[in-house]
Structures are given as structure tokens and as C-alpha cells.
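# Coordinate inspection notes
Listed below are the residues making up each chain.
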Amino acid sequence: MTDRSVTFIHSSDFQLGMRRWFLDGDAQARFDDSRLRAVAKLGELACSHNAEFIVVAGDVFDDNALSERTMGRALDAMDALPVPVYLLPGNHDPLVPGAALERADERENISVLRDTTPVEHRPGVEIVGAPLLARYSTCDLAAQAIAELAPTEAIRILVAHGQCFSRSSEPKPDLIDLPGLEEALKRGTIDYVAMGDTHSAGPIGPGGKVWFSGSPEVTDFHDRREEVEGNETNSGNALVVTITKPTVTTADVTVEEQRTGEWVFDALHWDVADADDVDRVLADLDAYPAKDRTVVKYSMTGTLGLEATGALEEGLAAREDIFGALYERESKMDLHIEPGDDELLNLPLSGYARDAMAELVAAAASAQRDTGSGAGAADMTARDAVNLLFRLSKEGK
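Conventions adopted
- Residues numbered from 1 in each chain as written.
- Predicted model: local features only at pLDDT ≥ 70, side-chain atom pairs only at ≥ 80, totals over all residues.
- Heavy atoms only, no water.
- UniProt positions renumbered as here; feature names shortened; annotations may be inferred.
- Patch = residues over 30% accessible without salt bridge, like charges linked within 9 Å, V, L, I, M, F, W, Y side chains within 5 Å.
- Areas by Shrake-Rupley, 256 points an atom, 1.4 Å probe, with all protein chains shown as cover.
- Salt bridge = Lys/Arg side-chain N within 4 Å of Asp/Glu carboxyl O.
- Lys, Arg positive; Asp, Glu negative; His and termini not counted.
- Charge placed at Lys NZ, Arg CZ, Asp CG, Glu CD.
- Helix = DSSP H or I, 4+ residues; strand = E, 2+ residues; numbered from the N terminus.
- Buried < 20%, exposed > 50% of the residue type's maximum accessible area, 1.4 Å probe, protein only.
- Core = buried A, V, L, I, M, F, W, Y, C linked by side-chain atoms within 4.5 Å.
- Contact = heavy atoms within 4.5 Å.
- Axes fitted to C-alpha atoms, helices over the stretch in contact; angles between N-to-C directions.
- Parallel < 35°, antiparallel > 145°, perpendicular 65-115°, else oblique.
- Nonpolar A, V, L, I, M, F, W, Y, C, P; charged D, E, K, R; others polar.
- Left-handed = near helix turned anticlockwise from the far one by under 90°.
- 1 Å grid on protein atoms, 1.4 Å probe; cavity = no way out; pocket = protein on both sides within 12 Å on 5 of 7 lines; lining within 4 Å.
- Points joined across faces, edges and corners; volume = space filled by probe spheres on them.
- Pairing = 2+ DSSP bridges.

Where an unreviewed UniProt entry is consulted, the protein appears under the name Nuclease SbcCD subunit D, with the organism given as Corynebacterium aquatimens. As stated in UniProt under Sequence similarities (unreviewed entry), the record for the protein gives "Belongs to the SbcD family."

### Topic: a negative patch on the surface
Taken together, Asp24, Asp26, Glu320 and Asp321 make up a surface patch of like negative charges. For Asp24, the location among the structural elements is in the loop between strand 1 (5–11) and helix 1 (25–48). For Asp24, a relative accessible area of 48% puts it in the partly exposed group.

### Quick look at the nonpolar core
Counting residues in each nonpolar core, the largest one holds 30 residues, and the members touching the most others are Ile9, Phe14, Val60, Phe61, Met78, Leu87 and Leu101. Of all elements in the fold, only helix 1, strand 2 (54–56), helix 2 (68–79), strand 3 (85–87), helix 3 (100–104), strand 4 (110–112) and strand 12 (237–247) reach the threshold of two or more residues within this core. With five residues, the top contributor of residues to this core is helix 1. Apart from the residues lying within four places of it in its own chain, the contact partners of Phe61 are Gln15, Leu16, Leu66, Met71, Ala74, Leu75, Met78, His92, Asp93, Ala100 and Leu101.

### Points about the packing of helix 6 (residues 275–286) against helix 7 (residues 306–320)
One way to put it is that helix 6 packs onto helix 7 with a least axis distance of 9 Å and a crossing angle of 10°. With respect to helix 7, the axis of helix 6 lies roughly parallel. Of the residues in helix 7, those in contact with Ala275, Val278, Val281, Leu282, Leu285 and Asp286 of helix 6 are Ala308, Ala311, Leu312, Gly315, Leu316 and Arg319. Here the contact of helix 6 with helix 7 is built from residues that sort into nine nonpolar, one polar and two charged.

### Description of the packing of helix 1 against helix 2
Following both chains from N to C, one finds helix 1 and helix 2 inclined at 20°, their axes separated by 9 Å at the closest point. Classified by the interaxial angle, the pair formed by helix 1 and helix 2 is roughly parallel. Note that helix 1 runs across helix 2; the crossing there is right-handed. Mapping the contact onto sequence places Asp33, Leu36 and Val39 in helix 1 and Arg73, Ala74, Ala77 and Met78 in helix 2. When grouped by side-chain class, the residues that make up the contact of helix 1 with helix 2 number five nonpolar, no polar and two charged.

### A word on the pattern of salt bridges
Inspection of every chain in the model, using the stated rule, returns 20 salt bridges. Asp286 is the partner of Arg319 in a salt bridge, and the nearest nitrogen-oxygen pair spans 2.8 Å. With Arg319 in helix 7 and Asp286 in helix 6, the pair connects residues that are 33 residues apart, well separated along the chain. For Asp286, a relative accessible area of 37% translates into the label partly exposed. Within the structure, one salt-bridge network assembled from shared partners comprises Arg37, Lys41 and Glu262.

### A short note on the layout of surface pockets
For the second largest pocket, the calculated volume is near 320 Å³. For the second largest pocket, the lining is made up of 18 residues, of which Asn91, Gly162, Gln163, Asp174 and Asp197 are closest to its centre. Its residues assigned to classes, the lining of the second largest pocket shows nine nonpolar, five polar and four charged.

### Comments concerning the sheet that holds strand 3
Strand order in this open sheet of six strands is 4-3-2-1-12-13, and the pairing throughout is mixed. The open sheet has two edge strands with one neighbour each: strand 4 and strand 13 (250–259). Averaged over all adjacent pairs, the angle separating strand axes in this sheet is 25°, with direction ignored. Sheet topology note: the strand 1/strand 2 ladder contains three bridges and is parallel. In the strand pairing of strand 2, His10 is matched with Val55. Packed onto the sheet, helix 1 meets strand 1, strand 2, strand 12 and strand 13 and runs at close to 165° relative to strand 1.

Structure follows, in C-alpha cells:
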């Protein structure tokens, strides 16, 4: 009797070979290693959950033109997984002549979903791919993949890569018809849709059987401001999927998210007004447990005195080399200097130096008025100059 239940691992968007401009050589090397470890963790999940195979719903590689080193390490990592791996060509690695996935298909443990022909993993379990054969599609590949399929007693998994909703009002011919997928799920033509392209894990549609797995390692920033929707709010996961199909039209699907990633990419914003706020900024940064695998880009709004500004910049500088990357979002910064009367009075400056400080403070204030919200180049230059002169005056005491 055919087993009417199966458990497997759903992942996507490895984008192996990805480079990030904000990572220096050492950090990029750590990032590359973490991405390969995330692949290995899929195998660990398969073993711990008795999963039969792994499906990767597109964008296994970041590009079809990769170095031999990157390609070799990636193929070895996937070939070493303890269960079979099914790879779908995505928009980053479409199955064109000379594609990276051509070499993946040569490995014993790896199968590339080259066309829409159902692949029988074992009797009673089928995998149907909707591969990209060019970087951009001109039709709904998911609908095309199942158009000729009939309802079946077998468990059938559709693996697709793309979007179901457009971010613009312009019609897109490659949009995936979500209501059409839901109808196919109800009929028993398919029982689960393993989606790739979006890098955050989560279900779409009302039935709970269409899921994006997200990338197994973070690739972009999560904007932590409450009023801003972040780019990657739930990446660094893989899905453990179990399907039980007692009848053609009845399939029970359970999906469990499991952590696979090691890195954090956060976009942070602070409103600052005094030294206590500076302490809060630095404490927030210190709270990250694995700073060498954490990237933070930050912005601030507010006005600080000389002492607080100096403490802020010294604190940030002391932490820059500890983090994977820590840098200012210049276009979002709206931070200004406004020295208190006591600060200016107590500065150990006289003569030309005191006059220069007064001129720089006035220039910073003028630049602030001219730029309004958001720090312009003139504002930042004046702020930096005031800070430098302030530090020099302190060192010369």
C-alpha cells in the first residue's frame, strides 16, 4: 500500500556567491561560510524530522557566472546532504546554456527540475517544477506547469519562483495566479506550493498550503522602525512540511518554521536629544549577542551638545570593527550640533581657535536651517569640523 504521508524540507533563495558592498574582506568571508552552513543545516533538519528530501524553490546561485571556488564549494555542500535535493532554476540562475545549475545536475544527490514533467520521488509522491528558462518570464509559469495535470491520489508538490502580487499598477504577465493555485489545491491536482523569490518566510492565500520559505540566511535589512515595513522581517529560516493525503481532495498540510541563519541585518533609527539618549544608542548596539555576524545601518534625528556628540562618535567608532558592519545612513540622518552656553564658555580655546569654533558652530546652524529635515553635505561637513576641533581642544587640556 502506498504511503499517503510525506515530510520534506522547503527552502529557496540561497543566492550562493552573493556579495555585499558593506562587508569588508573578513566579514564577507564569514558571510560566505555562514551561507554554506545554512545549507548544511537543511540536512540536519531533514535528519531530525525524518524528512525524505529537500526542495529549493529557485535562486540557488546569485548568478550564473560564478568563480570555480564558489561553485565547487556550493556543489559539494549540496551533494553531501543526507537526502535527495531538488533544485528549481530561478530568475538569478535561469536554466540557460552554460547555467550554473547545469553542473549541479551532474551530481549524484542533486536533481534539477528542468521542465514541468512531474518527477516521482517515490511511488505516491510527485514533484512538479515551474523552472525559469530565461531571467524574465512572459507568462505565469506555475499555471503553465499544472495546466495539463489532473487530480491524483498521489501527493503532488508544485515548486515555483515568483510573485503573486504586483508592487505597481502595471500589468505583469509573469504574476502567479494565486486563486488559480487555490482551486488546484482544492481539486487535489496539487497539495502544496513551495514558493521562492520573497526572502522572508510566510504563507500566502487563505488555505495555508502556499508558502514562501524565505532565504535560509539573511540577505537584506529589517527596518526596525514600527511605522516602516521592513525588507526581510522573517529570513534565515527553512520550512519542515508534512503532507497527509487520505483521499484525492483531502490533504492535510502542516508547516513548521525552523531557524537556519546566523546573521542579522538591522536598520535602526533613534531620536536623540541628550547624553542619556547617547547611552541608549550605545546600549542598543551592545545588546547584540553575535556582533561579528551582525550588520547595522543607522540613522538619527535630533540635536546634541558638544559633549554628547563627542561621546556618540567615540562610542560608534569603538564598535565599528566589532560588528560585521556598522555604518551611517547618510540620506536618513538629521543630527545636528547645538553647543550649550556652558560648553562654549568652558572650552579651553582662545584667540583664533575660539573664533574658529564660533564660526563653525554658526556654519553648522546655518546648514541645518538650509537643509531642513535631513542632514545635507554642508551640515555634515560643519558638524564633523566642530567635532574635530572639540576633540582637539579636549586633548590639548
